[in-house]
Each structure stands twice: as C-alpha cells, then as structure tokens.
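Chain by chain, the residues:
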Amino acid sequence: TEVIPTRGPLRGRHVVVSAGGTREPLDPVRFLGNRSSGKQGYAVAAAAAARGARVTLVTTADLQLPTGVESVRVETAQQLRAAMLEHFDSADVIVMAAAVADFRPADYVDTKIKKGMAPGDDSAPEIRLVRNPDILAELVRHRGDAAGPVIVGFAAETGDAKASVLEHGRAKLERKGCDVLVVNEVGSDRTFGKDENTVHLLLQGSSRVEDVGPADKRVIADAIWDLVETLV
Ligand code: CTP
Ligand code: CA
C-alpha cells in the first residue's frame, strides 16, 4: 500500500515535474536523443511527494516511479509541451527538469530509412533539423502577469571561453523569465547518468547564489524545495 503524506510543507499543492531527455524520431527505428537520465527530475518529484505535494511527473524515462507520484509518459518535445500545458492550470509549481531537444528532424519518415545497395553507392542522407518550441519560456509567457504557478527551470552549462557557468546561468534566467533557475555544471564525465550533481540556485530578481554539491541528487532536490517552498 502506498503511503501518501497528508502533512508536510507542500501539503495540498500540485507539483508538475518534467524529467528525462526527449526523443525526436527520424523513422520508426531511430531518434535524436541526449544524455539526460531523468534521475534529477525523479529526485525532485520524490522530494515533493515526501513533503506532501500531489505530484505529476511528465517523463521520457523508465526509472522506478517514486511513491505517491503519478506519471505521464511522453517521448518528444511536442508531446512534453502538450502535457505541461494540460496541467498548467492546476499546478502550484512547475519544474522543468527535462532535457528538451532544441531541434528535431524536419521530416519524419514512417518507413525505415534504407541505405543504397547499388555497387559503389556510399551516399548518406542529410538530415534537416527545425527548432522545437521553448517550453519553459512559453510557460512563463502563458502565465503572463496573472497569478500562476511558481516556475523553475534547469540549465545545463559547461562554461566556455566567453563566460563562466554562472554567467551563462544568469543570462539564461533573464532570458527565460522563470522564478528559479537550477544551474547544473555539466561535462563529459559530470552529471549525466550519475547519482551526484553540482548546482547553483539562482532566484529571479536577486543577486544571491546558493551553491549545492557535489551531492546526491536527493540532496540537490531538497535544497531546491527548501528554496521553492518559500515562494508558494
Ligand atoms: N527548455 C524547454 N524547451 C526547450 C529547451 C529547453 O523548456 N526547447 C527548458 C529546459 O527544460 C530547462 C531550460 O529550458 O529547464 C534550459 O534548458 P537549456 O537547454 O539549458 O537552455 P536553452 O535555452 O535550450 O539554451 P542552450 O541549450 O542553447 O544553452
Ligand atoms: Ca537546450
């Protein structure tokens, strides 16, 4: 039997979390994907449920569902967008932890793409991409000036020659307009698929930065809720 907390700081709140990397199909057997495992999003959902929230997890991943969490399976950015908009009106908090593909193949072919078999034919197809909708920015626009859910974004940043992880994060918080941005330090051997994470929590309209980690993704999730709880 499931034990759903009836007490806790998020009691009576509806939290909607997206998790995992979207898969953008090319043909029935192939897709464009990314390295997101979904673990951080699941940890955020589990922590919210433990604090008494009703939790809807919109996910592309197949991880074990945390106790008391209801899931909606999606595959593509467009499906994820539709699911987030569907739950927008009832949400008190929305957390966009999903790694949404920025681009998708322009054309889906509903039969398997075959290579040419003629002797000497070594041609390869060119795959044209188009932009996916920016779901986080759209949710913020959708809320407008009206009262609405607290909106939390994630940012995967490596830092580069132009700017540090934190500078990229600040610019992204400004651009997206969400209330909190969880800036994730990523790199080839960091974060993806791992149980630990290092993040910086940025709050809209504040110059304060809270550094968390390296720590278990559950610890990161609790730090996120400690901050977000003060906003709901
Ligand atoms: N996001 C989204 N829709 C997209 C792309 C990203 O909702 N099409 C959300 C992610 O879920 C995350 C946040 O936006 O919460 C930041 O994602 P990220 O990939 O770091 O930012 P981008 O704006 O896509 O910028 P870039 O990848 O160029 O750094
Ligand atoms: Ca992106």
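All values reported here derive from a predicted model rather than from experimental measurement.

J.: Would you take a moment to explain the side chain of lysine 172 for this structure?
T.: Checked against the element boundaries, lysine 172 lands in helix α4 (residues 165-176). Judged by relative accessible area, which is 16%, lysine 172 ranks as buried. When near neighbours in sequence (up to four residues on either side) are disregarded, lysine 172 contacts Ala155, Ala156, Glu157 and Leu181.

J.: Is there a simple way to think about the site of ligand 1 in this case?
T.: Lining the immediate surroundings of ligand 1 are 15 residues, of which Met96, Ala98, Leu136, Phe154 and Lys172 lie closest. Take alanine 98: an N or O atom from its main chain is 2.7 Å from an oxygen atom of ligand 1. Within the complex, the protein chains bury 78% of what would otherwise be the 570 Å² of accessible surface of ligand 1. Those elements giving two or more residues to the shell around ligand 1 turn out to be α3 (135-143), β9 (150-157) and α4. If one sorts the elements of the shell around ligand 1 by residue count, β9 sits on top with four residues.

J.: Would you mind going over unusual backbone geometry with me for this structure?
T.: Backbone phi values are negative for most residues with the exception of glycine, while trans is the configuration of most peptide bonds. That bond from glycine 213 to proline 214 is cis: its omega, 5°, falls within 30 degrees of zero. With respect to the helices and strands, the residue proline 214 is situated in strand β12 (residues 209-216).

J.: Whenever I open this one, the packing of helix α1 (residues 39-50) against helix α5 (residues 217-228) confuses me. Can you help?
T.: When two helices pack together, their arrangement is captured by the angle between the axes and the distance separating the axes. One can describe the packing of α1 onto α5 by two numbers: an axis separation of 8 Å at closest approach and a directional angle of 55°. As summarised for this structure, α1 and α5 are arranged oblique, according to the angle between their axes. The chirality of how α1 crosses α5 is right-handed. Counted together, Lys39, Gln40, Ala43, Val44, Ala47 and Ala48 of α1 and Lys217, Arg218, Ile220, Ala221, Asp222, Ile224 and Trp225 of α5 form the full contact between these two elements. A per-class count over the contact of α1 with α5 returns eight nonpolar, one polar and four charged.

J.: Any chance you could explain the pattern of salt bridges here in plain terms?
T.: It is possible for side chains of opposite charge to pair when their charged atoms get near one another. On inspection of all chains with the given rule, the structure shows 12 salt bridges. Among the ionic pairs, arginine 51 bridges to aspartate 222, the shortest N-O distance being 2.7 Å. Taken as a pair, arginine 51 in the loop between α1 and β4 (54-59) and aspartate 222 in helix α5 lie far apart in primary sequence, 171 residues in all. With a shortest N-O distance of 3.8 Å, glutamate 210 and arginine 208 are connected by a salt bridge. Connected through salt bridges with shared partners, the residues Arg51, Asp222, Asp226 and Glu229 form a single ionic network.

J.: Which parts of the structure should I look at to understand the pairing of strand β2 (residues 24-27)?
T.: It is a general feature of regular strands that their side chains alternate between the two faces of the sheet. As paired strands, β2 and strand β3 (residues 30-32) are joined by three bridges and run antiparallel to one another. The residue of β3 that forms the bridge with aspartate 27 is arginine 30.

J.: Can you walk me through the sheet that holds β4 in this structure?
T.: Through backbone hydrogen bonds, the strands of a sheet pair up, either in parallel or in antiparallel fashion. Read from one edge of the open sheet, eight strands run β5-β4-β1-β6-β9-β10-β11-β12, paired in mixed fashion. Both outer strands of the open sheet, β5 (69-73) and β12, are each paired with one neighbouring strand and no more. Within this sheet the neighbouring strands show an average axis-to-axis angle of 20°, counted without direction. In this sheet, strand β10 (residues 180-185) lies alongside β9 in parallel orientation, the contact comprising six bridges. Residue pairing across strands places glutamate 157 opposite glutamate 185, the latter belonging to β10. Along the sheet, helix α2 (residues 77-88) makes contact with β1 (14-19), β4, β5, β6 (93-96) and β9, crossing β1 at roughly 175°. Along the sheet face, α5 touches β1, β6, β9, β10, β11 (196-203) and β12 and points at about 155° away from the line of β12.

Cut-offs used in this document
- Residues numbered from 1 in each chain as written.
- Chains lettered and ligands numbered in written order.
- Predicted model: local features only at pLDDT ≥ 70, side-chain atom pairs only at ≥ 80, totals over all residues.
- Heavy atoms only, no water.
- Helix = DSSP H or I, 4+ residues; strand = E, 2+ residues; numbered from the N terminus.
- Buried < 20%, exposed > 50% of the residue type's maximum accessible area, 1.4 Å probe, protein only.
- Contact = heavy atoms within 4.5 Å.
- Near = heavy atom within 4 Å.
- Polar contact = N/O pair within 3.5 Å; in protein donor to acceptor, adjacent residues only side chain to side chain.
- Areas by Shrake-Rupley, 256 points an atom, 1.4 Å probe, with all protein chains shown as cover.
- Axes fitted to C-alpha atoms, helices over the stretch in contact; angles between N-to-C directions.
- Parallel < 35°, antiparallel > 145°, perpendicular 65-115°, else oblique.
- Left-handed = near helix turned anticlockwise from the far one by under 90°.
- Nonpolar A, V, L, I, M, F, W, Y, C, P; charged D, E, K, R; others polar.
- Salt bridge = Lys/Arg side-chain N within 4 Å of Asp/Glu carboxyl O.
- Pairing = 2+ DSSP bridges.

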